[in-house]
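Each chain, letter by letter, is given below.
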Amino acid sequence: MIPNRTALGKATDAVVVENLRKSFRVKGGTVEAVRGIDLRVARGEIFGFLGPNGAGKTTTLRMLTTLLPPDGGRALVAGADVAGRPQDVRRRIGYVGQRGGADSAATGRENLVLQARLYGQRKAEASARAAELIDLVQLSEFADRPALTYSGGQRRRLEVALGIVHHPQVLFLDEPTAGLDPQNRANLWDRVRALRATGTTVFLTTHYMEEADALCDRVAIIDHGAIASEGTPRELKQCLGREMVLIKPGPAARPLEDLRRDLAAQRFVEEARIEGETIRLSVGDGGQALPAIVARLQSDGVPLETVSLSAPSLDDVFLRQTGRSLRDAGKGEQS
Amino acid sequence: MKLVTDVWVLMGRKVREALRQPTWVIMNLSLPLVLLAFYAPLLQSLAGAPGFTRGSVLDVFVPGMLVMLAYVNVTAAGYFLLMELDSGVIERLRVTPVSRFALLMGTVLRDVLATIVPALVLVAIAIPFGFHPRWAGAAVLMVLLALLTSATAAASSALALIVRKVESLTAVTNGTLMPLLLLSGLFLPLSLAPQWLRVLAHVNPLYYAVEASRDLAVGTIGSATVGQGFLVMGGLAVLAIAWATRVYRKAAA
């Protein structure tokens, strides 16, 4: 009984969420962990859910993966309603939780074979798939050792392999790179990109700005259980406006004020200020503005000492949207 | 059928886990063996006393030990579940399309195996010391033990998922352990007990298991006592499994 009071996304959407909410009873009242969020994730997209600990990321993820029943609203994942058809959702998604969930006492291979069997693969099929994944995530050397002997990076690779045993349409990753060193993090990013290339939709949570920026096609910023803003990393940064182009002319240049007035009249330039020896230009889109500005200055024969572009970071976006910096936001809140 | 395969695969996981730590399975036997060695001899002077009229003293005592084996160790099921909850294994399994019933039964059936195998070892060890089981009765007795183990494992798991804390689970498990054991007539037959104690024993499910177990060991299969034992243990097993399945379904791991 799917009500048609609202259009529930397109068939191409991997995840459609409408007014999803969840609160928890705690001592002394209730905590509204998720306060009516709306989301759409297109098929084949890497979608990042960015926010501090305690923002409601994990709670949302747990509702989308059928681990937690929503209090209100609706969520369609891979075309099935999480509340009404959880079994269909489970067959179509993969999930790698924060705690991973590999069985420590069992070997990597045993873990993978079991997982494949639980998705209905026969013994031979499951063994073949396990071998394939062991190759894919480069665990051949360790495949027959107990998972408890694995390093953090190896373990994470096993856990991701567990999540994709059955070729899920949507893969959910909860803080996939938490606690990983930079090399392992980069390795995992590559793995996620490779998954997208095969058409898998990836929905991940993170509280790392670099991760959202480098990896995700689209990002939603969540804070206090509500979505503060949403878009591509580029759009989010642009809605802060003002990327800055910093120009420091060489010694033989015209007077700064003269140059400033000239540049302020350019297309792309919203504002031009002088700060010491430097002219700071606010531009809408640095990628377009910078070449035009440089070309203009060169054709005028203005010698340049340095030219740089400073883009607002997602950190700035977060600060702007929530009034707090991401680093401080998680403090004193439970995850 | 998918359900049967799932239960089988999940039980295999738990059996492998147990085989990796064989000491754990062997330790299950330690308490019954210690009691057999250092406690059972104290009972020898009671031969022929009320409650010891049938067969040897061990024919009365060993069936009680078997019930203890099927109960005491199995109350740990909840702890193991909490450990797996901590490591995220349960969460991972709950996102697969496996039924919650299969998740539960994989563990429960492993616990049944981990009861029956040591129980058979205990029987074998006790025979040279004067235990005279009847084989048909002993076979039926193993079924009774399986029911008791299932009920205990399922209830312990359900409880663990509800209280979520090792401390709370310990409080419940330890708080009920001795009263249940003492009131079951497991150490000394309750026919030695005053009237009020005997009446009280009738609210203790373990009492029915112990009584039935003693009948079965000496080969009395068709008695009302055995019927009662199966009724109580079977009923509890069904209830506990239904309860635990329900809790598994709702629990947010």
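To start, this report covers the structure provided alongside it. Keep in mind that this is a model prediction, so the values were computed, not measured.

1. Examining the overall build of chain B
Here comes step 1: The number of helices and strands found in chain B is twelve helices and zero strands.
Here comes step 2: For 253 residues, the compact-globule formula gives about 18 Å, and the C-alpha radius of gyration of chain B, at 18 Å, lands near that figure.
Here comes step 3: On the principal axes, the C-alpha backbone points of chain B span a range of 60 × 35 × 35 Å.
Here comes step 4: Across the 253 residues of chain B, 45% fall into the buried class.
Here comes step 5: The long-range fraction of contacts in chain B, counting pairs at least 24 apart against all pairs at least 6 apart in sequence, stands at 81%.

2. Remarks on the interface of chain B and chain A
Here comes step 1: Between chain B and chain A, the residue contacts involve 19 residues of the former and 23 residues of the latter.
Here comes step 2: Residue assignment for the side of chain B that touches chain A shows that the elements contributing at least two residues are helix H1 (2-20) and helix H6 (89-95) of chain B.
Here comes step 3: Residue classes in the side of chain B that touches chain A are distributed as seven nonpolar, three polar and nine charged.

3. What about H1 of chain B?
Here comes step 1: Here H1 of chain B is 19 residues long and its end C-alpha atoms lie 27 Å apart, about the 27 Å a rise of 1.5 Å per residue gives.
Here comes step 2: For H1 of chain B, the complete set of buried residues consists of Asp6, Val7, Val9, Leu10, Met11, Arg13 and Lys14 of chain B.
Here comes step 3: On its buried side, H1 of chain B packs onto helix H3 (108-118) of chain A together with helix H7 (100-126) of chain B.

4. So, the nonpolar core
Here comes step 1: Of all hydrophobic cores here, the largest spans 146 residues; its most connected members are Val15 of chain A together with Leu66, Val67, Leu144, Leu148 and Ala154 of chain B.
Here comes step 2: Per-element tally for this core: the top contributor is helix H8 (residues 135-163) of chain B, with 15 residues.
Here comes step 3: Beyond its immediate sequence surroundings of up to four residues, Leu144 of chain B is in contact with Ala209, Ala212, Ser213, Leu216, Gly229, Phe230 and Met233 of chain B.
Here comes step 4: If you look at the next biggest cluster of nonpolar residues, it comprises nine residues, including Val245, Ile279, Val283 and Ile293 of chain A.

5. Observations regarding the environment of Leu31 of chain B
Here comes step 1: Along the chain, Leu31 of chain B falls in helix H2 (residues 22-38).
Here comes step 2: Sequence separation of Leu31 of chain B and Val72 of chain B is 41 residues, and the distance between their C-alpha atoms is 9.6 Å.

6. Here we look at the pairing of strand S4 (residues 72-77) of chain A
Residue and element names in this part refer to chain A.
Here comes step 1: As paired elements, strand S1 (residues 13-26) and S4 share five bridges and run antiparallel to each other. From the neighbouring strand, Arg21 faces S4, where its bridge partner is Gly72.
Here comes step 2: The sheet contact formed by S4 and strand S5 (residues 80-81) spans two bridges and is antiparallel. Bridging across to S5, Val77 finds its partner in Ala80.
Here comes step 3: Between S4 and S5, which follow one another and run antiparallel, lie two residues, and Ala78 among them has a positive phi close to 50°.

7. Quick word on the sheet that holds strand S11 (residues 243-249) of chain A
All names here are of chain A.
Here comes step 1: Read across the open sheet, the four strands follow the order S12-S13-S11-S14; overall the sheet is antiparallel. Edge positions in the sheet fall to strand S12 (269-275) and strand S14 (304-310), since each has one partner strand and no second. Pairwise comparison of adjacent strand axes, ignoring direction, gives a mean angle of 20° for this sheet.
Here comes step 2: Bridge count between S12 and strand S13 (residues 278-283): six bridges; the pairing is antiparallel. In the sheet register, Glu275 faces S13, and the bridge partner there is Thr278.
Here comes step 3: Contacts between helix H9 (residues 256-264) and the sheet are confined to S11, S12 and S13, with S12 contributing the most and set at about 170° to the helix.

Conventions we followed
Along each chain, residue indices are assigned from 1 in the same order as the chain's sequence is written. Both sets of labels track the order of writing: A upward for chains, 1 upward for ligands. Two thresholds apply to this predicted model, a pLDDT of at least 70 for residue-level local features and 80 or more for giving and counting side-chain atom pairs, whereas whole-chain, interface and lining totals are computed over all residues. Strands here are runs of E lasting at least two residues and helices are runs of H or I lasting at least four, both read from the DSSP assignment and numbered beginning at the N terminus. Here the radius of gyration uses the C-alpha set of atoms, whereas the globule reference equals 2.2 Å times the residue count to the power 0.38. Partly exposed residues are those whose C-beta has more than 12 but fewer than 20 other C-beta atoms within 10 Å; with 20 or more the residue is buried, with 12 or fewer it is exposed, and the C-beta atoms are placed from the backbone. Residue pairs qualify as contacts under a 7 Å threshold applied to their C-beta atoms, which are placed from the backbone. Charged means Asp, Glu, Lys or Arg here, nonpolar means Ala, Val, Leu, Ile, Met, Phe, Trp, Tyr, Cys or Pro, and polar covers whatever is left, Gly included. Helix span, as expected, comes to 1.5 Å for every residue beyond the first. Buried Ala, Val, Leu, Ile, Met, Phe, Trp, Tyr and Cys residues form a nonpolar core when they are connected through C-beta atoms within 7 Å. At least two bridges found by DSSP between two strands are what make those strands a pair. Angles shown run from 0 to 180 degrees and are taken between the N-to-C directions of axes, each axis being a line fitted to C-alpha atoms and, for helices, limited to the stretch in contact.

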